[in-house]
Amino acid sequence: MSTHRPVQLQSAQETPVPSVERRLFLKETVAGVAALGMAATLSMPAMAQDMSNGAANFYTSDKVIVQKVTFKNQYQMKVAGNLFIPKNLDRQAKNAAIVVGHPMGAVKEQSANLYATKMAEKGFVTLSLDLSFWGESDGRPRNAVSPDIYAEDFSAAVDYLGTQSFVDRQRIGAIGICGSGSFVISAAKIDPRMKAIATLSMYDMGAANRNALNHSQTLAQRKQIIAEAAEQRYAEFSGGETRYTSGTEHELKKDTHPIQREFFDFYRTPRGQFTPKGSSPKLTTHPTLTSNVKFMNFYPFNDIETISPRPLLFITGDVAHSREFSEAAYKLAAEPKELVIVPGAGHVDLYDKVNLIPFDKLTSFFATHLK
């Protein structure tokens, strides 16, 4: 996910401009971020990239077969994915499988493919997917926000995996990275076919948009954002251009917020930059302004305890600005549950830094609960 509400785009041809949302977001300060890991980012040149700790977003493996696949969700929208199959897989047997969802505003080529590849190397059949409205999946307008459909895409991915001859329907798990962490929890609450769920650097996209980080946004400020989006509906209904919001800034300045710098280093440098076919670099990571407010009605942690007795694993960095969301979910969830804090890791570090991502923990978690 790219951080919520710092910039606003008005069309694919225009450059980012300051907005009400950006001014409100930048009021937020995250204690310890600059001191505990952001200092190096602040001093980096605009197009530098932090490849420390084994950053490998575009990692591929000669131990894994990759196939492009498509399938329909319940709304008859095409969902695009990459299916990863271990080369030594016994296709005559029934095997465990895992669905992997990308960060909010990203696509499967950003973080999800990496996780799917690494877990396939561990022996699991894995499927990374583009959420609807993003990447190669269906949905208009592009970059639209629909938490319900995002959750449905995870269930549709289970539909697909569960109908493959070499997959055991009783042994399907799911991984949600960043915003997808909240989407997969929303899905799992009403889809018991997901037998084990792990999240990494999770964002509760509802709370993040209602309250901002550390509850720094007031109700009045929230209403101002909602009013701006509602007014824009008239413009677009009447044929005006689609406006975009949120996402990662396209240029670093001296006063760029440390969190924005963290996202910039992934989304705006070769480390993780990716533009899907038919899109534009100016639009990547940016949801539409009028749809982004739908997150205000998104409460993924309500009834999270009903996922039990299926296990939940929450993984976050000890200096991640998003840590509050994993801790909140862990507190509300019922057993069995586990919270893993990765020393020295920030939010985006767990997108692609393989020396920090606890793949051994993920492997043991799914091996135990999908056996």
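Residues numbered from 1 in each chain as written. Predicted model: local features only at pLDDT ≥ 70, side-chain atom pairs only at ≥ 80, totals over all residues. Heavy atoms only, no water.

We now examine the pairing of strand β9 (residues 312-317). Of all 6 residues that make up β9, 6 are buried, and the element is covered over most of its length. Across 6 bridges, the pairing between β9 and strand β10 (residues 337-342) is parallel. Residue pairing in the sheet places T316 in a bridge with I341 of β10. A crossover connection joins β9 to the parallel β10 through helix α10 (residues 323-332); in handedness this β-α-β unit is right-handed. (Buried < 20%, exposed > 50% of the residue type's maximum accessible area, 1.4 Å probe, protein only. Helix = DSSP H or I, 4+ residues; strand = E, 2+ residues; numbered from the N terminus. Pairing = 2+ DSSP bridges. Right-handed = clockwise from strand over helix to strand, strands pointing away.)

In this section: the environment of Y160. Structurally, Y160 is set in helix α4 (residues 147-162). Residue class for Y160 comes out buried when judged on its relative accessible area of 15%. Excluding anything up to four places from it in sequence, Y160 contacts V69, F71, L83 and L127. (Contact = heavy atoms within 4.5 Å.)

Attention now goes to α4. A rise of 1.5 Å per residue sets the reference length of α4, with its 16 residues, at 22 Å; its end C-alpha atoms lie 23 Å apart and thus fit the reference within 8%. Burial within α4 is extensive, with 14 of its 16 residues counted as buried. (Expected span 1.5 Å × (residues − 1).)

So, on to the packing of helix α3 (residues 112-121) against helix α12 (residues 359-369). Contact pair α3 / α12: the axes reach a minimum separation of 10 Å and the direction vectors enclose 60 degrees. As α3 runs across α12, the sense of the crossing is right-handed. Together, Y115, K118 and M119 of α3 and F359, L362, T363 and F366 of α12 make up the contact between the two elements. (Axes fitted to C-alpha atoms, helices over the stretch in contact; angles between N-to-C directions. Left-handed = near helix turned anticlockwise from the far one by under 90°.)

Right, let's talk about the pairing of strand β3 (residues 78-86) for a bit. The element β3 is extensively covered by neighbouring structure, given that 8 of its 9 residues are classed as buried. Pairing geometry for strand β2 (residues 64-72) and β3, over 9 bridges, is antiparallel. Note on β3: the bridge partner recorded for K68 is N82. Where β2 folds back on β3, the antiparallel hairpin that results is connected by 5 residues, among which Q76 adopts a positive phi of roughly 60 degrees. Where β3 meets strand β5 (residues 125-129), 4 bridges bridge the pair, whose relative direction is antiparallel. Of the residues in β5, the one forming a bridge with F84 is T126.

What is shown is where atoms sit, not what they do.
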